[in-house]
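Results of the structural survey
This is what each chain is made of:
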Protein chains: 2
Amino acid sequence: MPRGRTDRNEGVTIRDVAARAGVSVATVSRVLAGNYPTAPATRSKVMRAVRDLDYVVNVHARALAGISAKMIAVVVDAVTAPFYAYVAQGAEEQAAEDGRLCLICTTGGDPARELAIVKLMREQRADAVILVGSVVPSEDYTARMTQYAHALSAAGTRLVLCGRPALGPDVPALTAEYDNAGGAYAVTSHLLSAGHRRILFLGSSPGGTTADARVDGYRRALADHRVPVDPGLEVPGGFGRPAGYRMMRERLAAGAPDFTAVFAGDDLVAAGALQALREAGLRVPEDVSMVGYNDDPFAADIGLTTVHIPAEELGRAAVRLAVRGADDAPVRAMLGTHIVVRDSVRPLTRPL
Amino acid sequence: MPRGRTDRNEGVTIRDVAARAGVSVATVSRVLAGNYPTAPATRSKVMRAVRDLDYVVNVHARALAGISAKMIAVVVDAVTAPFYAYVAQGAEEQAAEDGRLCLICTTGGDPARELAIVKLMREQRADAVILVGSVVPSEDYTARMTQYAHALSAAGTRLVLCGRPALGPDVPALTAEYDNAGGAYAVTSHLLSAGHRRILFLGSSPGGTTADARVDGYRRALADHRVPVDPGLEVPGGFGRPAGYRMMRERLAAGAPDFTAVFAGDDLVAAGALQALREAGLRVPEDVSMVGYNDDPFAADIGLTTVHIPAEELGRAAVRLAVRGADDAPVRAMLGTHIVVRDSVRPLTRPL
DNA sequence: ACGACTATAGTAACCGTTTACTATGAGCTT
DNA sequence: AAGCTCATAGTAAACGGTTACTATAGTCGT
């Protein structure tokens, strides 16, 4: 088999380059770094040797010598959730633009795996770790994050909380958020303006920051429209397609619909609920109006009116926060959300 | 601001641990590695010091001393494409199970970025890099891959081609594939069995391995059913939602439909085409049948009959291939595909 | 013509681990 | 009691870079 001249170069070190160029290792290092005057002739001899040998630096050696490895870790529950995928994508792009490697790690929602990843990143001396996604902020959680924050900060690693609430001002952590409650307020108002009064909120999950903020916006909109808040219309059950399907199915099994519109906690809940409604012979939007949250790509396909979250921009913002870190740099970014109107809401003609 | 005891530990080294435990660094290293006999009393002194100081090893130092950093890179066009997301997810999980870090990198389809990532991985001395996704295998492409393969192999890094064709037997690269043509054959047969004869293939892109394999399966199924292949029914235009929309729109603009069924190159194409059909007042499956490819999650929501690709398993297989690498280990994995029947195909009642 | 200065290159210490080699004392054997 | 072996721990040499410090040869001013 034909093998290129560059094949057996395991262990091509800076020493080999120096030898071939007939200079010292220091000179090679300097030519490559370009931060020290070198004679043009020397420079070209070195570059020649680098090409001939197909040399690449060893980041580990370089990191040991004190040059950051320029690595950022993004930690999400799962990349398969579109929201997380877009956040990760944005982070990746921003990191690449800033000349950094971007590690995307998944935990499957398991705190133990999260802990393991944080430890791994400490070992790697990463520049930053970005923890993405909703949480239920128990005391235990806050303690855990605070501990992470200190341990990471001690290793010179920045901690960014993305889409989850900020920690106290004493804790060395940055925060990138989006306006969850605002979007919920807007989309609820949209339903109210169409005349709906009995709006089912599907997927509240008391304690979860994301769901709580959305319920909050929902309630505030109702209040501002002088519609009484009915706790019986807030169905707990979390997010995701199966949850949406189950919640709607159970609701319909319990009796005739006592609502004219549905606010699904996220688009996946909407998709699940939609299927349950369809199976029960109810059409959207003819019989029931529905809105979602997130503006997942498929929302366009099913014509779902929903709230757009700037997920990609959120990822970028998180990375920027982490990278552009002068000591006086902002410690927090808050992104806006907006409603996108499609075809899943109809004005209420026949009140319940 | 109050700082915890564990806070200023930047540079807590093995030396600090040794000092605090009153032993030598070698002993600490041995206790931590657990590969050398140590007295129980010593062991516990060391562990105590490790906890007190909240010490974590420095992977760079360790890597330099010859212990692999246990890192795998998965390179995809974009994580936001569900197929890639699932491959990445599978790879991530398998890597985690094997105790390895998994880097997910995106190129946006840009060969320059791909090259940059390969270089980065050489610098990192990664265990493996997994290149995922279809390609158009020009001579240039083959040369590039061959070069990657040799350079990586020289640095002790395995190259895995995932969902793209294998290189020559002389090239040090592994391959994880799935049966593209087989799935296309099956789903085309499904349409043919329902009586369809004029089946539009949407999104052929001559030269692209994925699309070519699907077209190939499509043609073979037609041939086996003695239906003549009509090149006019194969619409080039690539994959993705916008492409699907555009192709169908243009096709419909050119005149009344001359097909009764559509084989969309992938599910996104199907989604786009679906929208174009809907806008033209045509219903699926009442007026035209449609099948897709990939079994993206949203396919369930729009009731699309499609071909399931074991994406997650593909990612896992790629990692296994890379990790379980004895020299006599298999060099190639081929995964099966299967059709999943939903509600987008109807028997042809009124032939064109 | 001589010292000061500049441009460039070399020398060697250091970064934090791992591990081959060496040292030490305790418990046996004969 | 000398000589072994064994268990355990220490010493120091890598690993592959970076960079402070040092050395050398021109250049220039006077």
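These figures come from a predicted structure and were not determined experimentally. Sequence order as written defines the numbering, with residues in each chain counted from 1. Each chain takes a letter, starting from A, and each ligand takes a number, starting from 1, following the order in which they are written. Local features are withheld for residues below a pLDDT of 70 in this predicted model, meaning they are given only at 70 or higher, and side-chain atom pairs are given and counted only at 80 or more; totals for whole chains, interfaces and linings count all residues. Each side-chain value is derived from all of the structure's non-hydrogen atoms; neither hydrogens nor water enter the calculation.

**Considerations on the interface of chain B and chain A**
Applied cut-off: Residue contacts are counted whenever heavy atoms from the two residues lie within 4.5 Å of one another. Take the accessible area each of two parts loses on contact, using a 1.4 Å probe, and add the two losses: that sum is the buried area. Definition used for salt bridges: Asp or Glu carboxyl oxygen within 4 Å of a side-chain nitrogen of Lys or Arg. In protein, a polar contact requires one atom able to donate a hydrogen and another able to accept it; more generally it is a pair of N or O atoms within 3.5 Å, and residues adjacent in sequence count only if both atoms are side-chain atoms. Each helix is a run of H or I in the DSSP string that is no shorter than four residues. Each strand is a run of E no shorter than two, and both are numbered from the N terminus.
Counting from both sides, the interface comprises 52 residues of chain B and, opposite them, 53 residues of chain A. Together, the buried faces of chain B and chain A total about 5,100 Å²; carbon and sulfur atoms form 55% of this surface. It is B:His60, B:Leu101 and B:Asp301 that lose the most area in chain B upon contact with chain A, and together they represent 13% of the buried surface on that side. Remark: the boundary between chain B and chain A carries four salt bridges. A salt bridge links A:Arg113 to B:Glu92; the nearest nitrogen and oxygen atoms lie 3.8 Å apart. Taken together, the links from chain B to chain A amount to 13 residue pairs in polar contact (both at pLDDT 80 or more). Looking at the side of chain B that touches chain A, the elements that each hand over two or more residues are helix 4 (59–64), helix 5 (82–97), strand 2 (101–106), helix 6 (111–124), helix 7 (139–154), helix 11 (267–279) and helix 12 (298–301) of chain B.

**Here's the deal with the protein's contact with DNA strand C**
Spelled out, the test is: Proximity criterion: a residue is near a molecule or strand once any of its heavy atoms comes within 4 Å of it. Each residue is assigned to one of three groups, with Ala, Val, Leu, Ile, Met, Phe, Trp, Tyr, Cys and Pro labelled nonpolar, Asp, Glu, Lys and Arg labelled charged, and all others, Gly among them, labelled polar.
Taken together, the neighbourhood of DNA strand C is formed by 27 residues, with A:Arg30, A:Thr42, B:Ile14, B:Ser29 and B:Arg30 sitting nearest. Counted by atom, the contact set of DNA strand C within 4 Å of the protein is 60% sugar and phosphate. Within the side chain of A:Thr27, one N or O atom sits 2.7 Å away from a phosphate oxygen of DNA strand C. At a separation of 3.4 Å, a base oxygen of DNA strand C approaches a polar backbone atom of A:Leu64. Counting residues per element, the ones that place at least two in the surface near DNA strand C are helix 2 (25–33) of chain A together with helix 1 (14–21), helix 2 (25–33) and helix 4 of chain B. Tallied by class, the residues present in the surface near DNA strand C amount to 15 nonpolar, eight polar and four charged.

**Examining the relation of the copies chain B and chain A**
For the record, the criterion: The atoms used to superpose the copies are C-alpha atoms, taken from residues with pLDDT of at least 70 in both, and the fit is least squares.
Mapping chain B onto chain A calls for a rotation angle of 180° and an axial translation of 0.1 Å; the resulting RMSD is 0.1 Å. Both chain copies can therefore be described as sitting about a two-fold axis. In this assembly, 100% of the residues forming the interface of chain B have copies in chain A that are likewise at the interface, indicating an isologous arrangement.

**So, the protein's contact with DNA strand D**
Taken together, 26 residues lie near DNA strand D, and A:Ser29, A:Arg30, B:Thr27, B:Arg30 and B:Thr42 sit nearest. Of what DNA strand D places within 4 Å of the protein, 60% of the atoms are sugar or phosphate. Between A:Ile14 and DNA strand D, the recorded distance is 2.6 Å, taken from a backbone N or O atom to a phosphate oxygen. Within the side chain of B:Ser24, a nitrogen or oxygen atom sits 2.9 Å from a phosphate oxygen of DNA strand D. Elements with a contribution of two residues or more to the surface near DNA strand D: helix 1 (14–21), helix 2 and helix 4 (59–64) of chain A together with helix 2 of chain B. Here the surface near DNA strand D is composed, by residue class, of 14 nonpolar, eight polar and four charged.

**Here we look at the domain arrangement of chain A**
Residues and elements named next belong to chain A. Keep this limit in mind: How far each domain reaches was decided by an automatic or database domain assignment.
Domain parsing of chain A yields domain 1 (14–57), domain 2 (71–179 + 314–334) and domain 3 (180–310). Put simply, the middle of domain 2 and the middle of domain 3, counted by C-alpha atoms, are 29 Å apart. Facing 12 residues of domain 2, the contacting portion of domain 3 comprises 15 residues. Taken together, both faces of the contact between domain 2 and domain 3 bury some 1,000 Å²; the carbon and sulfur share is 55%.

**A look at the side chain of A:Thr337**
Residues and elements named next belong to chain A. Definition in use: With a 1.4 Å probe rolled over the protein chains alone, any residue whose accessible area is under 20% of its type maximum counts as buried; one over 50% counts as exposed, and the rest are partly exposed.
Mapped onto the elements of the fold, Thr337 is located in the loop between strand 11 (332–335) and strand 12 (338–340). Given the relative accessible area of 18%, Thr337 is considered buried. A distance of 3.0 Å separates a polar side-chain atom of Thr337 from the backbone oxygen of Asp179. Looking at Thr337, its side chain comes within polar contact range of the main-chain nitrogen of Gly183, at 3.4 Å. The contacts of Thr337, once residues within four sequence positions are left out, are Tyr178, Asp179, Gly182, Gly183, Tyr293, Val307, His308, Ile309 and Pro310.

**Considerations on the packing of helix 5 of chain B against helix 13 (residues 311–323) of chain B**
Residue and element names in this part refer to chain B. Heads up, the condition is: Here an angle of 0 to 180 degrees is reported between the N-to-C directions of two axes, which are lines fitted to C-alpha atoms, with helices fitted over the stretch in contact. Here roughly perpendicular refers to angles of 65 to 115 degrees, roughly parallel to angles under 35, roughly antiparallel to angles over 145, and oblique to all remaining angles. In this scheme the crossing of two helices becomes right-handed for a clockwise turn of the near helix relative to the far one and left-handed for an anticlockwise turn of less than a right angle.
Two elements in contact, helix 5 and helix 13, have axes whose closest approach is 6 Å; the angle formed by their N-to-C orientations is 45°. With respect to helix 13, the element helix 5 is oriented oblique. The two elements helix 5 and helix 13 meet at a crossing, and its hand is right-handed. Seen from helix 5, the contacting residues are Phe83, Tyr86, Val87, Gln89, Gly90, Ala91, Glu93, Gln94, Ala95 and Glu97; seen from helix 13, they are Ala311, Glu312, Leu314, Gly315, Arg316, Val319 and Arg320. Taken together, the residues that form the contact of helix 5 with helix 13 break down as eight nonpolar, four polar and five charged.

**Let's talk about the packing of aromatic side chains**
Heads up, the rule is: Any pair of Phe, Tyr and Trp rings, taking the six-membered ring for Trp, is counted once the centres come within 6.5 Å. Such a pair is stacked with planes under 30 degrees apart, edge-to-face with planes over 60 apart, and tilted for the rest. A ring is considered to have a charge above it if a Lys NZ or an Arg CZ atom is located within 6 Å of its centre and within 35 degrees of its normal.
Counting across every chain of the model gives 12 aromatic pairs over all chains. Considering the side-chain rings of A:Phe83 and A:Tyr84, the 5.6 Å spacing of their centres and the 45° angle between planes classify their relative orientation as tilted. In this pair, the class of A:Phe83 matches that of A:Tyr84, namely buried. Ring geometry for B:Phe201 against B:Tyr218: centres 5.4 Å apart, planes inclined by 55°, an arrangement best described as tilted. Here B:Phe201, found in strand 6 (residues 199–204), pairs with B:Tyr218, found in helix 9 (residues 209–224); they are 17 residues apart in sequence, far enough to count as distant. Given a relative accessible area of 0%, B:Phe201 falls into the buried group. Ring pairs connect the aromatic residues A:Phe201, A:Tyr218, A:Phe263 and A:Tyr293, which therefore count as one cluster. Geometry around A:Tyr293 places A:Arg214 over its ring, the cationic atom sitting 3.7 Å from the centre. Over the ring of B:Tyr36 we find B:Arg30; its NZ or CZ atom is 4.4 Å from the centre of that ring.

**Side note on the sheet that holds strand 6 (residues 199–204) of chain A**
Residues and elements named next belong to chain A. Just so we agree on the cut-off: Two strands qualify as a pair provided DSSP detects at least 2 bridges between them.
One open sheet accounts for four strands, arranged 7-6-8-9; its pairing is parallel. What marks the edges here is a single partner per strand, and that holds for strand 7 (234–236) and strand 9 (289–291). Going from strand to strand, the sheet's axes swing by 20° on average, the running direction of each strand aside. Strands in contact with helix 9 (residues 209–224) are strand 6, strand 7 and strand 8 (261–264); relative to strand 6, the strand with the most contacts, it is inclined by about 165°. Against the sheet, helix 11 (residues 267–279) contacts strand 6, strand 8 and strand 9, and its axis sits at roughly 160° relative to strand 9.

**Structural notes on the pairing of strand 3 (residues 128–132) of chain A**
Residues and elements named next belong to chain A. With five of five residues buried, strand 3 is to be regarded as a mostly interior element. Burial along strand 3 is two-sided: Ala128, Ile130 and Val132 facing one way and Val129 and Leu131 facing the other are all buried. With four bridges connecting them, strand 1 (residues 71–76) and strand 3 associate as parallel partners. Paired with Ala73 across the two strands is Val129, which belongs to strand 3. In terms of strand pairing, strand 3 meets strand 4 (residues 158–162) through five bridges, oriented parallel. In the sheet register, Leu131 faces strand 4, and the bridge partner there is Leu161.

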